[in-house]
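What follows is each chain in one-letter form.
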Amino acid sequence: MTNYPKKLKDPSTLRIFFSSPFGGMEEEREELTRRYFPHINHICNSRGVQFVAVDMRWGITTESSASAQVINLCLKELDRSDMIIGFFGQRYGWHGAGDTALQENFDNAVSKYPWLSSVRDKSVTELEFLHGHLNNPGSLPAYLCFRDKAYDDKVCEEARKKGDKKMVFKYSPESDESVKLLDDLKCRCKDTESLTLGVNLCYKNPKEGAQLMFKAIHEHLTKYLMISSVHVVQEDRKALAKSLHAAFLSNKIKLYEGGTNYIKQLIKNVDAEIPSPYLVTGLAGSGKSALICNWLDQLMKNPGYRNCCVVYHFVGCARDSARIQSVLTRVTEELEEKVVEMSEDNSSGEAKKESSNDVRELMRKLSVVLEKLVSLGKQPVVVIDGLGNVKRSSKSEKAVYWLPEFPKQAVLVVSTKNTDEDTITELKSRNFCIIDLPPLDLETQRAICVQTLRMAGKELSPAQVDKVVQAKQTENALFMRIVLNELVSFGYFRLLDQKIDSLVSCQSVHDLFGNVLQRLEEDYNVPEHDGNLVEQVMCSLYLSRQGLAEREITELYNVTWPVWSPFYFAVENYIIDQSGHLYIGLNDLRTAIYNRYLQKPETKSYYLRRIIRYFEDNRKGLGHFSGKKKVNYTASRVAYELPYLLKSLGDLDGLALALLDLQLFLTLIDADGTLYLVELWKETGLQWSDIAKRYIDVLKQTVVNTYIDMEETDSLETDSAGVKILDTVLSIQNFFLQVGDFHAASMIMEYHIRICEKNVASGKLQDESVLMTEKYSLACLYVDHSQFTAAEKLHREVLDYRLKIVDEAGDNVTKEDRWALGTSYHGLHVLYQQLMEYEKALKYLEKSIQLEKTCENDSDLSASYTNMATVKMQLGLLDEALEYALKALKMEEDIHFGHLPPKIGNLFTNIGLIFRRKGDLDKAEQFYFRSLQIKRQSFGDIHIDIPISLMNLGTLEGLRGNPEKSLNYYLEGLSIYKALNVLPGNVQYLMLQENALLAKWKLGRHAETLEDFFPFLDVVEKEQRVDFCLGWFLTDIVKHLISEKRYPEALRITLDLINSKHVSAVNIVHLDLLDIEMTPPDHRPVRPANMTVDYALEKWPESPELVQHKAVNYLIPKGDAQEFVRLLNRLHDCTSHGSAVYDFGLQMLDSNNVDTTILLAVTEAALEKYPDSIAYLRNMVSCRRKDGQHDIALKGAEKLFELAPEDTDIALLAISQAAFAHQFNLGREFAQKAKERFPDDQELLKKVDNLIDLLAEAEREIQSEDK
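Report on the accompanying structure. (Residues numbered from 1 in each chain as written. Predicted model: local features only at pLDDT ≥ 70, side-chain atom pairs only at ≥ 80, totals over all residues. Heavy atoms only, no water.)

1. Some points on the overall build of the protein
Turning to step 1, where the next piece is worked out: Helix and strand content of the protein: 59 helices and 13 strands.
Turning to step 2, where the next piece is worked out: Taken against the 2.2 N^0.38 rule, which gives 33 Å for 1267 residues, the C-alpha radius of gyration of the protein at 47 Å runs more than 25% over that of a compact globule.
Turning to step 3, where the next piece is worked out: By its C-alpha atoms, the protein is 175 × 100 × 75 Å across when sized along the principal axes.
Turning to step 4, where the next piece is worked out: With 1267 residues in all, the protein has 53% of them scored as buried.
Turning to step 5, where the next piece is worked out: Relative to all contacts within the protein whose residues are 6 or more apart in sequence, the contacts with residues 24 or more apart total 71%.
Turning to step 6, where the next piece is worked out: Put simply, the protein shows about 58,000 Å² of open surface, and 49% of that area lies on carbon and sulfur atoms.
Turning to step 7, where the next piece is worked out: Looking at the protein, you have 151 positive and 184 negative side-chain charges, and the mean spots of the two groups are 5 Å apart. (Helix = DSSP H or I, 4+ residues; strand = E, 2+ residues; numbered from the N terminus. Rg over C-alpha atoms; globule rule 2.2 N^0.38 Å. Buried < 20%, exposed > 50% of the residue type's maximum accessible area, 1.4 Å probe, protein only. Contact = heavy atoms within 4.5 Å. Areas by Shrake-Rupley, 256 points an atom, 1.4 Å probe, with all protein chains shown as cover. Lys, Arg positive; Asp, Glu negative; His and termini not counted. Charge placed at Lys NZ, Arg CZ, Asp CG, Glu CD.)

Shown next as structure tokens:
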């Protein structure tokens, strides 16, 4: 051995030159390519180095051969390679001093490599051996080997029997001369063995040869270049991360075409006085990373930008590089290093602290170091590529909330796919400039294709490149990448066209992956393993929830490491390794796996059962649960996978059994929260109350198990099995509270209370506050589900206990006890708020806030501010309400920094409601929709909080006059309540039902509304909730029922209304009307005084409906003019209706049938108030004329004649009335004035003349009678 170089010629690339004759060595090359190259590639990647296998038997194109550049190319590639691996069979390779084409190749290369002039008789492969080793032994690491002649002879013999001349040719020496030349080469190689990595003169077969070559390579990497995976583990992880990011940058620089204008745009931004933050976006594979890397390359190489401090982070290029904390930490540390380099005191200015996982602290540190660099006169340039790949910690997380505001002088460039809508929307709101990259054009695709293959030491002919890039499917970047990967791993150069055709003929990415799966089966389904390895692994990864660890896979199918390792490295680029678990991240690969293996139900069932059996065995190995969750890897894996797999299989009994395992339950709650567990339980089809009973049974058995354990350890006297499981009971209780099922939650809570009461009584639970806390929680549950009487009793009990504790403690009261008392006040506030007793609610809320401020509990104080906003809103103080709500929102956003939990969603609902009441419907809608979005993101579509948001949106649409849209929201909300099996008396459920009924009613769907209304009314009456209904809506329904003569139903609702706070005059009218219609006069029921019309008239004298009902049904038929006038006068005096009151009274009178006494009484009452009313005067004249009181009528007519000089009818009335009153001269005066007033009205003049004649005739008759 010799002292080989410790460094690569290109720090980012390991190049290994593989030298062999073309014919007869395909099997070795194929074995290397498929079985060992992936392993070498994995080792290199783990160090941030790219592996390039230089195999010139693959990479020499027809064009290079035709231009006699074969030798030149081979030797040039050797010049930049880090190792040479040479191998021969029985063929010596292309040689011959008389071969014109070969000698032309010598001629073209000899000027650069003069030593060639003395070896023109040697083969091209020996030239590679000479240049790579023999001319200067030890200068380049070399492993040289030769295949045993016996293997070639055997292949030739078999080929002759089959008549396969091509195979005979490839495995036979060219001539006796070539045998001598090859033997001479073997001797020279053997003589220099000490200066090589090894020389083997007779390996038995291609498989052994490939194994020996890989072993030599791996040993050299480990001992000299030190890039083995073993060494990497020992390396400093910061340095490793830096090298991986640098390697990513380097590789992307090599894979970029075009985009000059974009680079100029980014460079220009750096030069700007105040740079803008930039977002680069586009389709997957459109070149976002490559653009950024090439811009960075130009920036860092340009001396004019030495003032820039450049830091880049490529999300996903290194392990753990996708966590928010990892991104912030690495960027900050890189910048801090630059500060240290520039600072004279060699410190960053901030004391070193332990690394933090707190995002706010990490953001602060990043901002500090950015400002520090700016203060030192530097310009920070920060790049974060792949924002869309950053892992979110929860569904409620805000998009890129963790990305702080940068100083004005700093440059920030980020990228994400154009499908990452949340991130793009957020960054646009922060005024990021956008570069939206278009899909790659044909020429760019061609260039990338050539460069990608060249980097792997491969080359296609122009025609072959065209065949790849002109295929429609390769417009898809992923399709193109897979095709190129497959070509790089293909070892048979002569079959290359056929291989390209088979790849580009695939119609989709998942079809192409099907081709890949077939190739993997051919390469890695080996006799040493029982079964189809590729199918087993891919199906298992497909069916798992979070992927499987390598150990799990190998244990599942008894895969030995030599079988597993090459396969793993071959598929490494297509599967994701996240924290040691392999899973299928590409949807197209998942589709391909399903199409190839899992379409048959029995196949899917087989693999599911096998994986389930594996995890079920692990579950049983955990032992029985004894009150405390085990925190270990096995428990976590079982919890994550087993329930999911059982659900996929459809084994609902098995799923229920797994979910009842408290170890699994607690692990899932901690890892996934409530929502996933809810989804799993729903799959079982069990009712929540039944599930709660099962958990109680399991808890009881856990108590027994714990008791037995305690008995064995002699701890029964001092401890209690029940107390040991309290934390677990609380977790189950909280789960059912989140589910929103009252029955189930109350069952668990009552069981919890029984355990506490028993152990408080026995002295095993000495802290009685634990019991009171549980009773408080149950009281709150009762309030949420409208069980107000029970809730108040419990709340009062807990309050009394807590007041006593505080009073007894005096000045020594603890913060915890003050806080507990505050929560009791808060609970009572919520109770009275639900009961709409706002003054009481406000009193307890103020007490709660006072205590919360002393306890410095922001969470509780925020909740109290939220409730204060609600109270203020109910009291009509909308500006104050909004102030409190916004104050609460600010506190909640600070508490839940970067996240939007359901609590904030509820606040958005309240703020929307305030804006709705202020009349700003558009603003209200924005907050309602945001609230709904947050809740759905946190809980999914089926949760008890969702219908409230839908109800608010429905109400909003109702106010806008969109009843159909409004109804759709209500019905969606009702379907959720029904799915949750909520109590019929739930307040919000009843409100939503009523709103839906109202929307249908407004749409005119009366029959449908009434069909649903009476079941609703049954519950309302039972729960005594009529006071909380819409009284006017119930009254409207009564009117409709009366019109349809459905009197009993109308009477039921009317009595409900009269006995509620909604009682109104019209309800009394309806009651009396129904009594009239339903019973004969002598059998009418005797109603209480407060239900009579007379009582109502005294209570509501301003009610027109009451006055009308009394008049039409009682006063007018009896002719009681005096009482009728009294009611009208009172109605007039206590309302602002004015003369309309008397018009209303007159309309009730049928002038043809009614006694004129009532008509005249009403008219004269009206004239007392409105003496100049023309209508009332005409009414009076008419009545007096009918009664023969012509003199009085004439006075009215005379006044009318004066008040309405333009009214021709009044003129004629005055003249005629003068005749009736025998005031003939006055009549003539009226007639004369009428002619003067209407000189052009011929018809009127004719009527006046007729009346003058009538006056004369009447006067003559009177005079004749007098004589």
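2. Section: the packing of helix 19 (residues 462-469) against helix 21 (residues 496-504)
How two helices pack is summed up by the angle between their axes together with the distance between the axes.
Turning to step 1, where the next piece is worked out: Taken N-terminus to C-terminus, the directions of helix 19 and helix 21 make an angle of 10°; their axes are 10 Å apart at the nearest point. The angle between helix 19 and helix 21 places the two elements in the roughly parallel class. Facing helix 19, whose interface residues are Gln464, Lys467 and Val468, helix 21 presents Leu496, Asp497, Ile500, Asp501 and Val504.
Turning to step 2, where the next piece is worked out: Of the residues contributing to the contact of helix 19 with helix 21, the split by class is 4 nonpolar, 1 polar and 3 charged. (Axes fitted to C-alpha atoms, helices over the stretch in contact; angles between N-to-C directions. Parallel < 35°, antiparallel > 145°, perpendicular 65-115°, else oblique. Nonpolar A, V, L, I, M, F, W, Y, C, P; charged D, E, K, R; others polar.)

3. Considerations on the sheet that holds strand 9 (residues 411-417)
Turning to step 1, where the next piece is worked out: Ordered by their spatial adjacency, 5 strands build an open sheet running 7-8-9-6-10, and the pairing between neighbours is parallel. In the strand order of this sheet, the two ends are held by strand 7 (308-314) and strand 10 (433-437), each with one partner. In this sheet, adjacent strand axes meet at a mean angle of 15° when their direction is disregarded.
Turning to step 2, where the next piece is worked out: Of the strand pairs in this sheet, strand 6 (residues 278-282) and strand 9 are connected by 5 bridges, and their pairing is parallel. Bridging across to strand 9, Gly282 finds its partner in Lys417.
Turning to step 3, where the next piece is worked out: Lying over the sheet, helix 15 (residues 324-342) contacts strand 7 and strand 8 (379-385), oriented at roughly 155° with respect to strand 7. (Pairing = 2+ DSSP bridges.)

4. Things to note about the environment of Leu668
Turning to step 1, where the next piece is worked out: Within the element layout of this structure, Leu668 appears in helix 30 (residues 662-684).
Turning to step 2, where the next piece is worked out: Here the alpha-carbon distance between Leu668 and Pro643, two residues 25 residues apart in the chain, equals 9.8 Å.

5. Comments concerning the packing of helix 56 (residues 1190-1203) against helix 58 (residues 1224-1237)
Turning to step 1, where the next piece is worked out: Direction vectors running N to C along helix 56 and helix 58 enclose 20°, while the axes themselves pass 12 Å from each other. When the axis of helix 56 is compared with that of helix 58, the two are roughly parallel. For helix 56 against helix 58, the interelement crossing comes out left-handed. Contacts between helix 56 and helix 58 involve Leu1194, Glu1198 and Phe1201 from the former and Leu1226, Phe1230, Lys1233, Ala1234 and Arg1237 from the latter. (Left-handed = near helix turned anticlockwise from the far one by under 90°.)

6. Comments concerning the pairing of strand 7
Turning to step 1, where the next piece is worked out: With 7 of its 7 residues buried, strand 7 lies for the most part within the structure.
Turning to step 2, where the next piece is worked out: Of the two faces of strand 7, the one holding Cys308, Val310, Tyr312 and Phe314 and the one holding Cys309, Val311 and His313 are both buried throughout.
Turning to step 3, where the next piece is worked out: As paired strands, strand 7 and strand 8 are joined by 7 bridges and run parallel to one another. Bridging from a neighbouring strand, Tyr312 pairs with Val383 of strand 8.

7. A few points about the nonpolar core
Note on soluble globular proteins: their nonpolar side chains tend to be buried together.
Turning to step 1, where the next piece is worked out: Judged by nonpolar contacts, the single largest core of 131 residues is most densely connected at Leu520, Met538, Phe567, Trp681, Tyr695, Phe735 and Phe736.
Turning to step 2, where the next piece is worked out: In terms of residues, this core owes the most to one element, helix 30, which gives 11 residues.
Turning to step 3, where the next piece is worked out: Ignoring any residue separated from it by four or fewer positions in sequence, one finds Phe736 in contact with Trp688, Ile691, Ala692, Tyr695, Asp741, Ala744, Ala745 and Ile748. (Core = buried A, V, L, I, M, F, W, Y, C linked by side-chain atoms within 4.5 Å.)

8. Topic: a nonpolar patch on the surface
Turning to step 1, where the next piece is worked out: A cluster of nonpolar side chains, namely Val704, Tyr707 and Ile708, defines an oily patch on the protein surface of about 260 Å² accessible area.
Turning to step 2, where the next piece is worked out: Note on placement: Tyr707 falls in helix 31 (residues 688-712).
Turning to step 3, where the next piece is worked out: According to the relative accessible area criterion, Tyr707 is partly exposed, its value standing at 43%. (Patch = residues over 30% accessible without salt bridge, like charges linked within 9 Å, V, L, I, M, F, W, Y side chains within 5 Å. Salt bridge = Lys/Arg side-chain N within 4 Å of Asp/Glu carboxyl O.)

9. Considering a negative patch on the surface
Turning to step 1, where the next piece is worked out: Taken together, Asp1253, Glu1257, Glu1261 and Glu1265 make up a surface patch of like negative charges.
Turning to step 2, where the next piece is worked out: Given a relative accessible area of 43%, Glu1261 falls into the partly exposed group.

10. As for unusual backbone geometry
Turning to step 1, where the next piece is worked out: Backbone geometry at Met836 places phi at a positive 65°, although glycine is not the residue there.
Turning to step 2, where the next piece is worked out: Turning to its location among the elements, Met836 is positioned in the loop between helix 37 (815-834) and helix 38 (838-855).
Turning to step 3, where the next piece is worked out: One non-glycine residue, His1222, lies in positive phi territory at about 65°.
Turning to step 4, where the next piece is worked out: Tracing the chain through its elements places His1222 in the loop between helix 57 (1208-1220) and helix 58.
Turning to step 5, where the next piece is worked out: Given a relative accessible area of 45%, His1222 falls into the partly exposed group.

11. Some points on the environment of Arg364
Turning to step 1, where the next piece is worked out: With respect to the helices and strands, the residue Arg364 is situated in helix 16 (residues 359-375).
Turning to step 2, where the next piece is worked out: We classify Arg364 as partly exposed; its relative accessible area is 34%.
Turning to step 3, where the next piece is worked out: Note: C-alpha distance between Arg364 and Leu328 (36 residues apart in sequence) is 10.0 Å.

12. Things to note about helix 15
Turning to step 1, where the next piece is worked out: Taking 1.5 Å of rise per residue, 19 residues should cover 27 Å, and helix 15 covers 28 Å from first to last C-alpha, within 8% of that figure.
Turning to step 2, where the next piece is worked out: Buried residues of helix 15: Ile324, Gln325, Ser326, Val327, Leu328, Arg330, Val331, Thr332, Glu334, Leu335, Glu336 and Val339, and no others. (Expected span 1.5 Å × (residues − 1).)

13. Quick look at the packing of aromatic side chains
The description of two aromatic rings rests on the distance between their centres and on the angle between their planes.
Turning to step 1, where the next piece is worked out: Taken as a whole and judged by the stated rule, the model has 34 aromatic pairs.
Turning to step 2, where the next piece is worked out: Between Phe88 and Phe129 the ring centres are 5.2 Å apart and the planes differ by 65°, which places this aromatic pair in the edge-to-face class. Taken together, the positions of Phe88 in strand 3 (residues 83-88) and Phe129 in helix 6 (residues 124-134) put the pair 41 residues apart, joining distant regions of the chain. You'll find Phe88 and Phe129 in the same group, each marked buried.
Turning to step 3, where the next piece is worked out: The interplanar angle of 10° and the centroid separation of 5.7 Å between the aromatic rings of Phe88 and Phe146 together place this pair among those described as stacked. Here Phe88, found in strand 3, pairs with Phe146, found in strand 4 (residues 142-147); they are 58 residues apart in sequence, far enough to count as distant. By the burial criterion, Phe88 is buried, and Phe146 matches it.
Turning to step 4, where the next piece is worked out: Sitting over the ring of Tyr776, Arg802 keeps its end group 5.3 Å from the ring centre.
Turning to step 5, where the next piece is worked out: We note Arg1025 situated over the ring of Phe1028; from NZ or CZ to the ring centre the distance is 3.4 Å. (Phe/Tyr/Trp six-rings, centres within 6.5 Å; stacked < 30°, edge-to-face > 60°. Lys NZ or Arg CZ within 6 Å of the ring centre and 35° of its normal.)

14. A look at the pattern of salt bridges
Turning to step 1, where the next piece is worked out: Counted according to the given criterion, the structure contains 61 salt bridges.
Turning to step 2, where the next piece is worked out: The partner of Glu28 in a salt bridge is Arg147, and the shortest N-O contact between them spans 2.7 Å. Of the two residues, Glu28 sits in helix 1 (residues 26-46) while Arg147 sits in strand 4, which places them 119 residues apart along the sequence. The same class applies to Glu28 and to Arg147, which are both buried.
Turning to step 3, where the next piece is worked out: Between Arg1130 and Glu1098 there is a salt bridge, with its nearest N and O atoms 3.2 Å apart. With Arg1130 in helix 52 (residues 1121-1133) and Glu1098 in helix 50 (residues 1093-1099), the pair connects residues that are 32 residues apart, well separated along the chain.
Turning to step 4, where the next piece is worked out: Take Arg1130: its relative accessible area is 21%, and that puts it in the partly exposed class.
Turning to step 5, where the next piece is worked out: Here the salt bridges share partners, and the residues they tie into one network are Glu30, Arg34, Glu486, Arg519 and Asp523.

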